[in-house]
Amino acid sequence: QVQLVESGGGLVQAGGSLRLSCAASGRTIFSTYAMGWFRQPPGKEREFAAAISMNGGDTAYADSVKGRFTISRDNAKNTVYLQMNSLKPEDTAIYFCAADRQGVIVTMIHEYDYWGQGTQVTVSS
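Thresholds, definitions, all that
- Residues numbered from 1 in each chain as written.
- Predicted model: local features only at pLDDT ≥ 70, side-chain atom pairs only at ≥ 80, totals over all residues.
- Heavy atoms only, no water.
- Disulfide = S-S within 2.5 Å.
- Helix = DSSP H or I, 4+ residues; strand = E, 2+ residues; numbered from the N terminus.
- Buried < 20%, exposed > 50% of the residue type's maximum accessible area, 1.4 Å probe, protein only.
- Contact = heavy atoms within 4.5 Å.
- Polar contact = N/O pair within 3.5 Å; in protein donor to acceptor, adjacent residues only side chain to side chain.
- Phe/Tyr/Trp six-rings, centres within 6.5 Å; stacked < 30°, edge-to-face > 60°.
- Lys NZ or Arg CZ within 6 Å of the ring centre and 35° of its normal.
- Salt bridge = Lys/Arg side-chain N within 4 Å of Asp/Glu carboxyl O.

S.K.: Mind showing me how you'd approach the state of the cysteines here?
M.R.: Between two cysteines, a covalent bond joining their sulfur atoms is known as a disulfide. A full pass over the atoms with the stated rule returns 1 disulfide. Covalent S-S linkage joins Cys22 and Cys97, the inter-sulfur distance amounting to 1.9 Å. Judged by the sign of its S-S torsion, about 45 degrees, the bond between Cys22 and Cys97 is right-handed. A residue pair is termed long-range when its members are at least 10 positions apart, and Cys22 in strand β3 (residues 18-26) and Cys97 in strand β9 (residues 93-100) qualify at 75 residues. Considered together, Cys22 and Cys97 belong to a single accessibility category, that of buried residues.

S.K.: Honestly, the environment of Leu4 in this entry has me stumped. Any pointers?
M.R.: By secondary structure assignment, the location of Leu4 is in strand β1 (residues 2-7). For Leu4, a relative accessible area of 6% corresponds to the buried category. When sequence neighbours within four positions are dropped, the list of residues in contact with Leu4 reads Cys22, Ala23, Ala24, Met35, Cys97, Ala98, Ala99, Tyr114, Trp115, Gly116 and Gln117.

S.K.: Teacher, can you tell me more about the side chain of Arg68 here?
M.R.: Relative to the helices and strands, Arg68 is located in the loop between β6 (59-61) and β7 (69-74). A distance of 2.8 Å separates a polar atom in the side chain of Arg68 from the backbone oxygen of Ser64. Non-local contacts of Arg68, meaning those with residues more than four positions away in its chain, are made with Gln83, Met84, Asn85, Ser86, Leu87, Lys88 and Asp91.

S.K.: Teacher, can you tell me more about the packing of aromatic side chains here?
M.R.: Each pair of aromatic rings is reported with the distance of its centres and the angle of its planes. In this structure the tally under the stated criterion is 5 aromatic pairs. Ring geometry for Phe38 and Phe48: centres 5.7 Å apart, planes at 75 degrees, overall edge-to-face. With Phe38 in strand β4 (residues 34-40) and Phe48 in strand β5 (residues 47-52), the pair connects residues that are 10 residues apart, well separated along the chain. Among the aromatic residues, ring-to-ring pairing joins Phe38, Phe48, Tyr112 and Trp115 into one connected group. Between Arg46 and the ring centre of Trp115, over which it is positioned, the NZ or CZ distance is 5.0 Å. Directly above the aromatic system of Phe30 lies the positively charged group of Arg73, at a separation of 4.5 Å from the ring centroid.

S.K.: It is not clear to me how the pattern of salt bridges should be interpreted in this structure. Could you clarify?
M.R.: Side-chain pairs of opposite charge can arise whenever the charged atoms involved come near each other. Per the counting criterion, the structure on display carries 5 salt bridges. Between Lys66 and Asp63 there is a salt bridge whose closest N-O contact spans 3.2 Å. Taken individually, Lys66 and Asp63 each receive the classification exposed, so the pair is uniform in this respect. Between Arg68 and Asp91 there is a salt bridge, with its nearest N and O atoms 2.7 Å apart.

This is the structure we're talking about:
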């Protein structure tokens with residue numbers, strides 16, 4: 001089992017920045033998992049935001065966040081990050097991190113094996 005705990009959410013004004021962290025623990029070799037960030041806006045479905053391969057060499061982004069968000073990881077700290085810049089009110093959502101045992105970038109919810117509880121990000125206009 002893998003436990004994922006997100007942190008770093010909060011309230012920020014439009015144009016501001018936040019950095020989310022997701023710490024992994026449990027019976028896992030973190031460096032063998034691909035990691036993803038998803039978000040769920042109020043009243044909407046959960047959607048893909050970003051993903052990173054197990055060694056950090058490959059990344060993928062949703063069009064809505066490309067150029068503003070950066071996903072990264074520190075395998076020595078068992079942590080994945082999401083740097084969010086130029087935030088917009090439409091970025092308001094609960095942000096979830098997820099782990100994929102296959103180690104390669106995937107973008108579909110059902111392809112991920114473990115999920116965190118989420119952290120709230122609110123962007124005011």
